[in-house]
Amino acid sequence: MSSESQYIELYRECRSMIHQHSAPLMNALRDEAMADFEAQGFPSQKVERYKYTNVAEAFAPNYGVNLNRVNIPADTAEVFKCDVPNLSTNLLFVVNDKPLASSTRDGIYIGSLCDFAMQHPDVLQQHYAQLASTKADAINALNTALAQDGLLIFIPRNKRMEKTLQVVNLLRSGVDMLVNRRVLIIMEEGAEATLLFCDHAMDQVNFLTTQVCEIFCGNNSRLDMYELEETHTSCRRFSNLYIKVGTDCTVSHNNITLFNGETRNTTDVLLMGENSEVTLNGCVVADKNQRVDNNTLIDHQVPNCTSNELFKYVVDDSAVGAFAGRILVRPDAQKTSSQETNANLCASPTAHVYTQPMLEIYADDVKCSHGSTVGVLDASALFYMQQRGIPIDEARMLLKFAFAGQVIDAIRLEPLRDRLHYLIEKRFRGELNKCTGCALCK
Amino acid sequence: MLEIKNLHAAVVGGKEILKGIDLTIRDGEIHALMGTNGAGKSTLSKVIVGDPSYEVTEGTITFNGADVLAMKTEERAHAGIFMSFQQPVEIPGVSMTNFMRAAVNARRKALGLEALKSTDFLKLMRDKRKLVDIDNKLVNRSVNEGFSGGEKKRNEIFQMAMLEPSFCILDETDSGLDVDALRIVAEGFNKLRKPDTSALVITHYQRLLDYIRPDIVHVLLDGRIVKTAGPELALQIEEQGFDWIKDETK
Amino acid sequence: MANEFVKKVAEEKYKFGFTTDVHTEIIDKGLNEDVIRLISSKKGEPDWLLEFRLQAFRYWQTQTQPTWGHLRLPDIDYQAISYYADPTKKKDNAQSKEIDPELMKTFDKLGIPLEERLALSGTAVDAVMDSVSVKTTFKEKLSEKGIIFCSISEAVKKHPDLVRQYLGQVVPYRDNYFAALNSAVFSDGSFVYIPKNTRCPMELSTYFRINARNTGQFERTLIVCDEGSYVSYLEGCTAPMRDENQLHAAIVEIMVMDNAEVKYSTVQNWYPGDAEGKGGVLNLVTKRGLLKGANSKLSWTQVETGSAITWKYPSCVLQGDNSQAEFYSVAVTNNFQQADTGTKMIHIGKNTRSTIISKGISAGRSENSYRGLVRVGRKADNARNYSSCDSLLLGSLCGAHTFPYMDVQNNTATVEHEATTSKISEDQLLYCNQRGISTEEAVGLIVNGYAKEVLNKLPMEFAVEAQKLLSVSLEGTVG
């Protein structure tokens, strides 16, 4: 049986059950999405964007899917430790695909996508599945066909989210589980938000997650977003993120992967309005058999935008790190300024690094550059430190930490920055094999 | 006391550079090592501190009776050997504070002392900074990153003050023309020097020796020490160059 | 201002676009096993070579044309091409060994005199028109040193063991679609063998010329540089202006033994098509060197100004320990030209080093891509690579792209890549204008300055030619 067929059959058999537990607006797209999925199949590694990740293999095992919406309890107090200390946040738990609470305050809605779909079908219709094409990507198609709920954040015109919103995604299951999560973030003109998403797995089973996230940044909006993955070696994550950016926006997105099994993050940014500034940063610390594949596209469709991209990987043991970043400057996008950097430390003889920065430029008045390095710790710096009496292991740790620090230091959310400094330093010292917060790690 | 006997060393996998060095530096003594380019002066200093790019093929180095060649680079540092680098390396992202804390505490650990408490460490930094007159701004930056030549030298002296070595190697091979850098290193060393502090000063030129008076001057040519005499030798070299020594040794 | 200049470039003539009126024997269009047997028999080849061709052809039939390049490759009707054209064949089958004076004139006109007394100093030439080598100069002089420099057809006859030993070793016919095609139908090209501990006393060079209509050129070059030896090899190419596309699918294989060094320089100036994008050569080439020996060196330098489509990645397999490879490239595209070019550096041996310097210049409505792979294998301890890829855009209708791939499996390796994209600034032009230099001349100056790092790598005579070519290819393209 091919990897695809079990999902096609699942959909055929459970179509009505899926529909029954979801919103009509989401249901309306399912048949076509499934047809798109059938037509494409999972992308092979010959497909340029999936060169470094074997999708079919990841989806081949038999996972359970909670289509019947069996309530899975989560003791949120137990996981509260995962919280970033000293960070004053609004905290929202999402168990698998289901937010545990929905709220509307000051016009800002945070909560279940399904619930919002019932209340404001018009708003949803304008945005849902508008960026994540089911024709162009099989993961989008599969997620659109199967996802029954997810998170919706709606920030109306000129509203500002006072506190950072921390969304804790908890994976919970007694059996191997496929979770299809949907996220939709709508920021109207002048809206402002800081969002922190943390992924945790609470049970020692195999989890496969697809997350399709669509973000609409209206004109003059400001978004500062962080995704932090701290799951475990039996977790696979396929995340497709689409950000549509209007005029005069400031958008930054950070993808930090510390613990996982296999992760594929697709991040596509569409610059559709002038004078906007986008920052995509990422940090990967991978060892054992972790695999992390970040694939980004920054699509400059209009003039006068700036994009900056910085991804740093420290890859140890038998881990595999892959980065592919495409900067596309369309014919009209004059005065684009774009800079992309990917730096990798390959720390073990069995670790493997792929890097593939891409510039595709169709406008002449632009400033674009990319740089990519794979390397070892600077031998002369190590020697200098040893001459000052610093033991070689300590010297290595300091240099690795300094290497990753460049991304962490760029985090504007100070408590998160401190927390990551702490976690990464511990990790490099070999003092911590897992995150301390989850029930599992105790 | 540093004692070097019949030291032969080569670039790892490459040609021999030091071809039998004998050198004894007693506590409190200052030795100058002079010689032409490529004679092996910097190699000798790097072999003493344990640069992994060189291998010792023959001979011994002892420091206060301990076998230096059996020690790791950092252990040599803990034993009190300090080198002021000719070109101090830049280490982006590692703050001076973290760097010095790691160095000071590693040494204390080797000496069987407790790690310094954060407040005590910061006080130490402050005191030493004043002592060597280094700008606070430099101490708050990454190690040597974006420092000017003079600032880097000042930073070397600051680290010397922090680590209180008993034997210093001042490698000033190429900075002979930069009088400022020389003066910073020399004056700093003189200020920090204790009666039993010894040093090996490496230079092309007499000029550095105007600031640091050597007790003994050696001339290194083609991997061997070919002449050893008092401070007057340095003056003679300044006037006459090295050719007459070459002729003498033929 | 800019637009006027862009327009003007269309008027620029391709000065090598003339045709030669010479009787040419052309076999019928089409490709099948009989055609391959016919080519092989015309060349009087041994059975093993025919077998090699047939195997390649059978493999080619199972493959499809690759689509991964950043190119709009037209559908090529492989049955509408003649695979063998011989301009040296006499009408009445006369046995005279004299070369048709028209051919001599053609090469004179191209600046490649085939009479040794007129030759560029210190350069031996193998002149190839269509499918056949017309003449190789200085053969005798070179043979005194044991150096073999002749057409590959001649090598097959005179040195069959050497050819058989090395042919297809660096680029097997299964390598890619066009390599398979070439292996099936290759006609002529050069063969070079430098024996042990020999420094080749002159530059060797091959000049390729496509003349006949509706033919493809499938040359094959094989260079073997034995232990401790050195050779510098140059390649030049032009073609007449024709309305239809001409197919050129070549293979160059280079084998470099212990302590040997090969420099390979190309100035590629195939007919690029007209200002509307009509015609031009499809240049689909596989070039690869195997640095088989320890301490071996290989350097590719290319100046690519011609062809409607260029699809070529001169590559290096750094197998010998301490081997060193370089790739220096200037690729200029104008009008509707498309280039997808770069290199592959495959590090296998220890302490191997590679350098990639690529300069892309796009003008008109052209597309210019750098595509490169740096792979460091698990055993390639201390491998080092440095790549720098710069793009210069002249005008707002063209594209400049960079697609580097890095694949590192060794934790002692250092791989660095950097790329920038820029344009000639108004300030630079104004500065030049103020000093009395016309805008057109200024662009030539600036572009040549930009490409200097690569041009400097070319042998002297070529460098001068290449500089002129750059200015001419870009005249009036100020953006």
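As shown above, the structure is provided for reference.
Predicted, not measured: the structure shown is a model, and the values here were computed from it.

Chemist: I would appreciate a short explanation of unusual backbone geometry in the present structure.
Modeler: Excluding glycine, residues mostly carry a negative phi; peptide bonds, for their part, are mostly trans. The phi angle at B:Asn6 is positive, at roughly 45°, despite the residue not being glycine. Within the secondary structure layout, B:Asn6 lies in strand S1 (residues 2–11). Even without glycine at this site, C:Asn295 takes up a positive phi of about 60°. Under the relative-accessibility criterion, C:Asn295 is labelled partly exposed at 35%.

Chemist: Is there a simple way to think about the sheet that holds strand S11 (residues 216–221) of chain B in this case?
Modeler: Sheets are built from strands paired through backbone hydrogen bonds, the pairs being either parallel or antiparallel. All names here are of chain B. In space, the 6 strands of this open sheet follow the order S6-S9-S10-S3-S11-S12, with mixed pairing throughout. Of all the strands in the sheet, just strand S6 (81–84) and strand S12 (224–229) have a single pairing partner and so form its edges. Recorded for the sheet is a direction-independent mean angle of 20° between the axes of neighbouring strands. In the sheet, strand S3 (residues 30–34) pairs with strand S10 (residues 198–202) via 4 bridges, with the strands oriented parallel. Paired with Ala 32 across the strands is Val 201, a residue of S10. Contacts between helix H6 (residues 149–163) and the sheet are confined to S6 and strand S9 (167–171), with S6 contributing the most and set at about 170° to the helix.

Chemist: Quick question: what am I supposed to make of the pattern of salt bridges here?
Modeler: For side chains bearing opposite charge, pairing can occur when the charged atoms are close. Within this structure, the stated rule accounts for 52 salt bridges over all chains. Close ionic contact of A:Glu229 with A:Arg237 constitutes a salt bridge, the shortest N to O distance being 4.0 Å. Per residue, the accessibility class of A:Glu229 equals that of A:Arg237, and both read buried. Between B:Glu156 and A:Arg388 there is a salt bridge; the shortest N-O distance is 2.5 Å. Of this pair, B:Glu156 sits in helix H6 while A:Arg388 sits in the loop between helix H9 (379–387) and helix H10 (392–408), on two different chains. Overall, A:Arg388 belongs to the buried group, its relative accessible area being 1%.

Chemist: Would you explain the sheet that holds strand S4 (residues 54–63) of chain B in this entry?
Modeler: Residues and elements named next belong to chain B. Here we have 4 strands laid out as an open sheet, ordered S2-S1-S4-S5, and antiparallel in their pairing. The two strands at the open ends of the sheet, each matched to only one other strand, are strand S2 (16–25) and strand S5 (66–67). Examined bridge by bridge, S1 and S4 share 8 bridges and lie antiparallel to one another. Pairing of Val 11 across the sheet is with Tyr 54, part of S4.

Chemist: I'm lost on the layout of surface pockets in this one. Help?
Modeler: Using a probe with the size of a water molecule, rolled over the atoms, empty space left in the structure can be pinpointed. What the largest pocket holds in volume is close to 1200 Å³. Together, 44 residues line the largest pocket, and A:Glu48, A:Lys51, C:Trp68, C:Arg371 and C:Tyr405 are the ones closest to its centre. Of all the elements in the fold, those that place two or more residues in the lining of the largest pocket are strand S15 (291–300), strand S17 (320–329) and strand S19 (352–361) of chain A together with strand S13 (280–291), strand S18 (338–347), strand S20 (367–376) and strand S22 (399–408) of chain C. Class assignment for the residues of the lining of the largest pocket results in 15 nonpolar, 15 polar and 14 charged.

Chemist: So what exactly am I meant to see when it comes to the interface of chain C and chain A here?
Modeler: For interface size, the figure often reported is the accessible area lost on association. With 33 residues of chain C at the interface, the matching set in chain A holds 35 residues. Interface area, chain C with chain A, both sides summed: about 2600 Å², of which 50% is carbon and sulfur. Ranking the residues of chain C by area buried against chain A places C:Tyr405, C:Met406 and C:Asn411 at the top, with a combined share of 22%. Scanning the region where chain C abuts chain A turns up 0 salt bridges. The tally of links between chain C and chain A comes to 14 residue pairs in polar contact (both at pLDDT 80 or more). In the side of chain C that touches chain A, the residues fall into 11 nonpolar, 16 polar and 6 charged. Pairing geometry for strand S20 (residues 367–375) of chain A and strand S23 (residues 414–423) of chain C, over 7 bridges, is antiparallel. Each bridged residue has a counterpart across the sheet, and for A:His370 the counterpart in S23(C) is C:Ala419.

Chemist: Help me out: how do you make sense of the interface of chain B and chain A in this one?
Modeler: Opposite the 28 residues of chain B that make contact, chain A presents 17 residues. Around 1800 Å² of area is buried between chain B and chain A when both sides are counted, 71% of it from carbon and sulfur atoms. When residues of chain B are sorted by the area they lose upon contact with chain A, B:Glu74, B:Phe85 and B:Val89 head the list and together hold 28% of the total. At the level of elements, helix H2 (73–78), S6, strand S7 (91–95), helix H3 (96–110) and H6 of chain B are the ones that each hand at least two residues to the side of chain B that touches chain A. Its residues assigned to classes, the side of chain B that touches chain A comprises 18 nonpolar, 6 polar and 4 charged.

Chemist: Please explain the nonpolar core as it appears in this structure.
Modeler: Looking at soluble globular proteins, one finds that nonpolar side chains tend to be buried together. Counting residues in hydrophobic clusters, the biggest one holds 113 residues, and the most contacted among them are B:Leu44, B:Ile48 and B:Met100. For this core, the leading source of residues is H10(A), giving 11 residues. When residues of this core are assigned to domains, at least three map to each of domain 1 (3–273) and domain 2 (377–442) of chain A. Those residues in contact with B:Ile48 that sit more than four places away from it in its chain are B:Leu2, B:Ile4, B:Ile61, B:Val68, B:Arg76, B:Ile81, B:Phe167, B:Ile169 and B:Leu200. One finds A:Ala193, A:Val292, C:Ile254 and C:Val262 within the second-largest nonpolar core, a separate group that totals 97 residues.

Chemist: I tried to follow a positive patch on the surface on my own but got confused; where do I start?
Modeler: Residues and elements named next belong to chain C. On the surface, Arg 199, Lys 263, Lys 297 and Lys 457 cluster together into a positively charged patch. With respect to the element layout, Lys 457 can be found in the loop between helix H10 (439–455) and helix H11 (460–474). Its relative accessible area of 35% is what places Lys 457 among the partly exposed residues.

Chemist: In this structure, what is going on with the packing of helix H3 (residues 47–61) of chain C against helix H8 (residues 177–185) of chain C? I would like to understand it.
Modeler: Residues and elements named next belong to chain C. Two elements in contact, H3 and H8, have axes whose closest approach is 7 Å; the angle formed by their N-to-C orientations is 145°. As H3 packs across H8, the resulting crossing turns out to be left-handed. Within the contact between the two elements, H3 uses Phe 52, Arg 53, Ala 56, Phe 57, Tyr 59 and Trp 60 and H8 uses Tyr 177, Ala 180, Leu 181, Ser 183, Ala 184 and Val 185. In terms of residue class, the contact of H3 with H8 is built from 10 nonpolar, 1 polar and 1 charged.

Chemist: Looking at this model, I keep getting lost on empty space enclosed by the protein. Mind explaining?
Modeler: All names here are of chain C. Enumeration according to the criterion identifies 7 cavities of 30 Å³ or more in this entry. Lining the largest cavity are 17 residues, with Ser 358, Gly 360, Asn 368, Ser 369 and Tyr 370 sitting closest to its centre. If you list the elements that add at least two residues to the lining of the largest cavity, you get strand S17 (324–333), S18, strand S19 (353–363), S20, strand S21 (384–394) and S22. By residue class, the composition of the lining of the largest cavity is 5 nonpolar, 11 polar and 1 charged. Every residue lining the second largest cavity is counted, 13 residues in all, and those nearest its centre are Glu 235, His 248, Asn 283, Val 285 and Lys 287. Among the secondary structure elements, those contributing two or more residues to the lining of the second largest cavity are strand S9 (230–238), strand S12 (261–268) and S13.

Chemist: Help me out: how do you make sense of the environment of A:Val329 in this one?
Modeler: Assignment of secondary structure puts A:Val329 in strand S17. The contact partners of A:Val329, leaving out residues within four places of it in the chain, are A:His300, A:Thr336, A:Glu360, A:Ile361, A:Tyr362, A:Ala363, A:Val366 and A:Cys368.

Chemist: What is the right way to look at the packing of H3(B) against helix H4 (residues 118–132) of chain B in this model?
Modeler: The description of two packed helices rests on the angle between their axes and on the distance between the axes. All names here are of chain B. Orientation of H3 relative to H4, taken along the N-to-C sense of each, is 105°, at an axis distance of 11 Å. Accordingly, the angle class assigned to the pair H3 and H4 is roughly perpendicular. Where H3 approaches H4, its residues Thr 97, Met 100, Arg 101 and Val 104 are matched on the opposing element by Ser 118, Phe 121, Leu 122, Leu 124 and Met 125. Partitioning the contact of H3 with H4 into residue classes produces 6 nonpolar, 2 polar and 1 charged.

Chemist: Please explain the pairing of strand S14 (residues 277–286) of chain A as it appears in this structure.
Modeler: Put simply, side chains in a regular strand alternate between the two faces of the sheet. Residue and element names in this part refer to chain A. With 8 of its 10 residues buried, S14 lies for the most part within the structure. Where S14 and strand S16 (residues 306–315) come together, 10 bridges link them in parallel fashion. If you follow Ala 286 over to S16, its bridge partner there is Val 315.

Reading the values: rules and limits
Residues numbered from 1 in each chain as written. Chains lettered and ligands numbered in written order. Predicted model: local features only at pLDDT ≥ 70, side-chain atom pairs only at ≥ 80, totals over all residues. Heavy atoms only, no water. Helix = DSSP H or I, 4+ residues; strand = E, 2+ residues; numbered from the N terminus. Buried < 20%, exposed > 50% of the residue type's maximum accessible area, 1.4 Å probe, protein only. Pairing = 2+ DSSP bridges. Axes fitted to C-alpha atoms, helices over the stretch in contact; angles between N-to-C directions. Contact = heavy atoms within 4.5 Å. Salt bridge = Lys/Arg side-chain N within 4 Å of Asp/Glu carboxyl O. 1 Å grid on protein atoms, 1.4 Å probe; cavity = no way out; pocket = protein on both sides within 12 Å on 5 of 7 lines; lining within 4 Å. Points joined across faces, edges and corners; volume = space filled by probe spheres on them. Nonpolar A, V, L, I, M, F, W, Y, C, P; charged D, E, K, R; others polar. Buried area = accessible area lost by both parts, 1.4 Å probe. Polar contact = N/O pair within 3.5 Å; in protein donor to acceptor, adjacent residues only side chain to side chain. Core = buried A, V, L, I, M, F, W, Y, C linked by side-chain atoms within 4.5 Å. Domains from an automatic or database assignment. Patch = residues over 30% accessible without salt bridge, like charges linked within 9 Å, V, L, I, M, F, W, Y side chains within 5 Å. Areas by Shrake-Rupley, 256 points an atom, 1.4 Å probe, with all protein chains shown as cover. Lys, Arg positive; Asp, Glu negative; His and termini not counted. Charge placed at Lys NZ, Arg CZ, Asp CG, Glu CD. Left-handed = near helix turned anticlockwise from the far one by under 90°. Parallel < 35°, antiparallel > 145°, perpendicular 65-115°, else oblique.

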